[in-house]
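# Examination of the molecular architecture
Below are the chains, spelled out letter by letter.
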Amino acid sequence: MNEKTICGDIYFLQIVGDKIVLNDDYEGLCILDSNLQAIKKIKIIQDIVIYNSVVVSEKEVLLNCIENGIMFIVNIETDEIKKIHFPDMLKNEILLKMTKKEENAVILKTYKNHFYRMNMGDMTFERVDNDVYFDEEYNVKIFQERSRKYIKEICERKHLPIICGGPGLYIK
């Protein structure tokens, strides 16, 4: 794939396994390798707006498309796309991250610190007790330590770390 094929309005970036996932304008995804070389494009729907995403496995990303009223699970290896109509219980929530993977489900955390179990078989959601999954301490000190560790590892591999999002207040 020619590098000139990456164009348009790029507003979304997610790391899935060893791949970099970008939005492909407002139509789908563009998959890059670790050298920022385009591998392929995955068409999803016209006028898709990816609000945010959650990595649910080494090959899959959950795209949260609030404006479209849809979520998608995209397998970036096989190009399989699962469409999920936005559940009413998540209308006022913004997905933040996957906190736990169970046998046939993932536990998703929202910005409001609510937890939801998503059944990967039938793509249903249920709210679960926060106390069960809120077990990891996290603060600025932990963020800084982890960030510095990851930046060092990336630099040791002779790659350029890309830091995006937020004001960079805690990175020196």
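None of the values given here were measured: they were computed from a predicted structure.

### Section: the pattern of salt bridges
In a structure, side chains of opposite charge can pair up when their charged atoms sit close to one another. The final tally for this structure, using the stated rule, is 11 salt bridges. Taking the shortest distance from any N to any O, the salt bridge between Lys19 and Glu77 comes out at 3.9 Å. You can see Lys19 sitting in strand 2 (residues 19-24) and its partner Glu77 sitting in the loop between strand 7 (70-75) and strand 8 (81-85), a full 58 residues away along the chain. Assessed through its relative accessible area of 43%, Glu77 is described here as partly exposed. The residue Glu102 makes a salt bridge to Arg117 at a minimum N-O spacing of 2.9 Å. One end of the pair, Glu102, is in the loop between strand 9 (95-101) and strand 10 (105-110); the other, Arg117, is in strand 11 (residues 115-119), and 15 residues separate them in sequence. Bridged by salt links that share partners, the residues Asp24, Glu27, Lys41 and Lys43 form one connected network.

### Observations concerning the environment of Lys112
Tracing the backbone through its elements, the reader meets Lys112 in the loop between strand 10 and strand 11. Classification of Lys112 as partly exposed rests on a relative accessible area of 49%. Considering only alpha carbons, one finds Lys112 and Leu96, 16 residues apart in sequence, at a separation of 9.1 Å. Every residue in contact with Lys112, bar those within four places of it in the chain, is listed here: Asn92 and Glu93.

### Description of the sheet that holds strand 2
The strand order across the open sheet formed by 4 strands is 1-2-3-4, and the pairing between neighbours is antiparallel. Two strands in the sheet have a free side with no partner beyond their single neighbour: strand 1 (13-16) and strand 4 (38-43). Taken over all neighbouring pairs, the strand axes of this sheet differ in orientation by 25° on average, direction set aside. As defined by bridge partners, strand 2 adjoins strand 3 (residues 28-32) across 5 bridges and the pair is classed as antiparallel. Residue pairing across strands places Asp24 opposite Gly28, the latter belonging to strand 3.

Cut-offs applied
Residues numbered from 1 in each chain as written. Predicted model: local features only at pLDDT ≥ 70, side-chain atom pairs only at ≥ 80, totals over all residues. Heavy atoms only, no water. Salt bridge = Lys/Arg side-chain N within 4 Å of Asp/Glu carboxyl O. Helix = DSSP H or I, 4+ residues; strand = E, 2+ residues; numbered from the N terminus. Buried < 20%, exposed > 50% of the residue type's maximum accessible area, 1.4 Å probe, protein only. Contact = heavy atoms within 4.5 Å. Pairing = 2+ DSSP bridges. Axes fitted to C-alpha atoms, helices over the stretch in contact; angles between N-to-C directions.

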